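Observations on the model geometry
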Amino acid sequence: MAVDNALSSPLGPPVCEKDAKALQFIEEMTRNADFVQEKVLEEILSRNKDVEYLKRFNLDGAIDRKTFKSKIPIVTYEDLQPEIQRIANGDRSPILSSHPVSEFLTSSGTSAGERKLMPTIKEELDRRQLLYSLLMPVMNLYVPDLDKGKGLYFLFVKSETKTPSGLVARPVLTSYYKSDHFRTRPYDPYNVYTSPTESILCPDSFQSMYSQMLCGLLERHQVLRLGAVFASGLLRAISFLQLNWQDLAQDIMSGTLNKRVFDPSIRKCITEMLKPNPELAEFIRVECSKENWEGIITRIWPNTKYLDVIVTGAMAQYIPTLDYYSGGLPLACTMYASSECYFGLNLNPMCKPSEVSYTIMPNMAYFEFLPHQPNSSGLTRGSPPKLVDLADVEVGKEYELVITTYAGLCRYRVGDILLVTGFHNSAPQFHFVRRKNVLLSIDSDKTDEAELQKAMENATQLLQEFNTSVVEYTSYADTKTIPGHYVIYWELMIKDSSNSPSEKILSQCCLAMEETFNSVYRQGRVECNSIGPLEIRVVKNGTFEELMDYAISRGASINQYKVPRCVNFTPIVELLDSRVISSHFSPDLPHWTPERRR
C-alpha cells in the first residue's frame, strides 16, 4: 500500500497508511507532552469535580496543576482501601470517579494477603486498546514482512471473582481478553495469532496450553514471532512441550485431538483444522526426543524473527535460558503497563534487554515523579514532597511513579522505580529499575521483606519443640528450574543433636512459608503452575560469617553490614550452595481458592 508522504513519521517509513497514522499520533503526543499532560489533568478534575474524594480536599472546582498539587495528598493503596471497599460492597455514589466503576482489576497482594482491587471504568478499555494499536506500527519499522505469517502467543485468562456488589474482580489481561476489543477484533494482517480465541479464553490452564501449543506446531512454518506476557510464561510453554510432545505428535499423526482437551468450543475449532500429518508428527518426535534442547525454538519454528516477552525488572533473570532455547533470538519488550494504568511503549523494541526504555504516552493519565532516595520512603516529615512533572524529569535520575487516572486514582504511588534514560521529543524515556521493596519474584508474584519475615516466623514455630532456631537466613529466586521457585537458605542452631528436626518437619516448614505468602503467589503455585515448590537449603554453621567476610572483602563496611534478605549475585549464590548440607521442598500445595470479597 502506498503511503502518503504527508503521513510519514520521523520514527521511520511506515509500511501502510494505518501505521502512518499511528506513528503520527505518537509524534503529536510526545512533541507536546507537557501541554497534553495539562489537558489530561484538567479533564480528569473537571469530570470528577463532584466526587466525594476530591471534594474532601476543598478544590472548589479548580482544575489547575498548582491547586491540585497543593491540596491533594500523595497516597498508597492502603490509604484508598476504605473507599475501594465501599465501592466493592455496593456503594454506587460517586466516591472516586463520576463515571461508574465497571469492574475491579486485581493487582499484586496486600500485606493482608489479598489482591489489591483497582477500580476501573469502561472507557479505560478504549485507552488500553489505543496503546495496543501503537505496538505493531512501531515493530514494523524494525522487522519486515510481519504480515506474511503469524504470531505464536501463549495467552491465558485467570480466575475471577465477584465483590459483594456483583462487580467482577480479575487481572487486567483477563479483562482485556474477555472484552469485545479482543474477542471481536478486526482482522489485521500484521497481528494474526495461531492460537484460537477459544483456547485463550479457556479457564483450564492445561487445555488452554495444550491447544495453543498444538496449533503452533500445526502452523510451525507460519510462525514469525513467539511470545507470552512474561519471559517466565514462554519458558513454561517450552517446559510443557518437553512434557507433552509425545501426545501432541500422536494427535498430529492421527488427526484427532487428545481426550484431555474436552472443552467443546476448543474441540470444535481445532477439529476443523487438525488433519493426519505423519511427516510433521515424525519431525516433532525426532526433534523433541533429542537430549539437547538448545535452539529448540528455531528448530521447530525456523522462521521466528524475535521473541515478544517482558524481560525487564525481575524477568531479566530468565534471559540466559531464553537465549539457550532460542539460539539467541532478539527479545522484544514492547510496552509498559500495570493494573492501575497503561503507561507507554518501547520505540526501539529490538534493542538489547539491558537498554530497554519505555516512552511514556502523556495521554494515558497524569504522571508525576517522586525523586527516589535509596533506603528512604521518599516522603519526609514536615514539608510535603516535591513531585516532578513528566516533562521536567532529569536524565540519569531515578523516580517513583505517581499517577492520577480517569478512573479515580489521585496521586497514587504505583511503587515502580524508573530511571530516566532520555527523551523522545519532549516525552521522557524510562528504564524500569525494579518494584519498590520487592525481594522475590518468579512470575507475577511479588514478595517483599516484611512478607518474607512473616513467613519465616510462621515456619520457625515448627522448630521450637526441637529446641532449634534459625541463626540467619537469606533468599534467592531460582529460575534455572521451570517453573522457577523460591529458595530460602537457613543456618540452624540445633541445641540437642539427638532431637534435631527431621526431613518431614523441615519440609513442613517450606509449606508453612508458602501458606503465609499472598494469594498471587499461592495462585501461581496451585492454579497456574507458574511457581514451583519452595525449597529450604540448610547451610553449614558459619556460612553467614563467610558471607559477611566476602562482602567486606568487596568494600562493605563492617559496622554497617547487614545480611541481605535476598541474593542474586552469582558468586554469593555459589558460596551459599557450596555450604548446603541438606535441601527440603514443600511437600504439598498451599491452600488457595479464588478470593471471596467481603
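What counts and how
- Residues numbered from 1 in each chain as written.
- Predicted model: local features only at pLDDT ≥ 70, side-chain atom pairs only at ≥ 80, totals over all residues.
- Heavy atoms only, no water.
- Helix = DSSP H or I, 4+ residues; strand = E, 2+ residues; numbered from the N terminus.
- Buried < 20%, exposed > 50% of the residue type's maximum accessible area, 1.4 Å probe, protein only.
- Lys, Arg positive; Asp, Glu negative; His and termini not counted.
- Salt bridge = Lys/Arg side-chain N within 4 Å of Asp/Glu carboxyl O.
- Contact = heavy atoms within 4.5 Å.
- Pairing = 2+ DSSP bridges.
- Axes fitted to C-alpha atoms, helices over the stretch in contact; angles between N-to-C directions.
- Core = buried A, V, L, I, M, F, W, Y, C linked by side-chain atoms within 4.5 Å.
- Phe/Tyr/Trp six-rings, centres within 6.5 Å; stacked < 30°, edge-to-face > 60°.
- Lys NZ or Arg CZ within 6 Å of the ring centre and 35° of its normal.

Moving on, we come to the side chain of Arg128. Among the secondary structure elements, Arg128 is positioned in helix 6 (residues 123-139). For the buried Arg128, which has no salt bridge, the nearest side chain bearing the opposite charge is Glu124, at an N-O separation of 4.7 Å. Aside from chain neighbours lying at most four places away, what touches Arg128 is Leu105, Thr120, Val172, Ser175, Tyr342 and Met364.

Attention now moves to the sheet that holds strand 22 (residues 580-585). Sheet strands pair via backbone hydrogen bonds, and the direction of the pair is either parallel or antiparallel. Read from one edge to the other, the open sheet built from four strands follows the order 19-20-21-22, with strand pairing classed as mixed. Lying at the two open borders of the sheet, with one neighbouring strand each, are strand 19 (468-478) and strand 22. Within the sheet, the average angular offset between the axes of one strand and its neighbour, ignoring direction, is 25°. Relative to strand 22, strand 21 (residues 535-539) runs antiparallel, the two sharing five bridges. Each bridged residue has a counterpart across the sheet, and for Val539 the counterpart in strand 22 is Val580.

Below, the discussion takes up the side chain of His424. Topologically, His424 is positioned in strand 15 (residues 412-424). Of the residues examined, His424 reaches a relative accessible area of 15% and is grouped as buried. Once residues within four sequence positions are removed from consideration, His424 is found in contact with Leu11, Glu27, Thr30, Leu347, Thr359 and Gln429.

Attention now goes to the nonpolar core. Core analysis: the largest hydrophobic core is formed by 166 residues, its most contacted members being Leu241, Trp301, Phe367, Trp490 and Met513. Per-element accounting of this core gives the leading share, 11 residues, to helix 11 (residues 231-254). Val563, Val567, Ile572 and Val573 belong to the second-largest nonpolar core, a separate cluster that totals 11 residues.

Here we take up the packing of aromatic side chains. The full count for this structure, using the stated rule, is 22 aromatic pairs. Their ring planes at 35° and their centres at 5.6 Å tell us that Phe206 and Tyr210 sit as a pair that is tilted. Of this pair, Phe206 and Tyr210 are both found in helix 10 (residues 205-218), four residues apart, which corresponds to roughly one turn of the helix. Phe206 sits in the partly exposed class, given a relative accessible area of 22%. Within the aromatic cluster, the residues linked to one another by ring pairs are Tyr132, Tyr153, Tyr176, Tyr177, Phe182, Tyr193 and Tyr342. A cation over an aromatic ring shows up here: Arg185 above the ring of Phe182, its NZ or CZ 4.1 Å from the ring centre.

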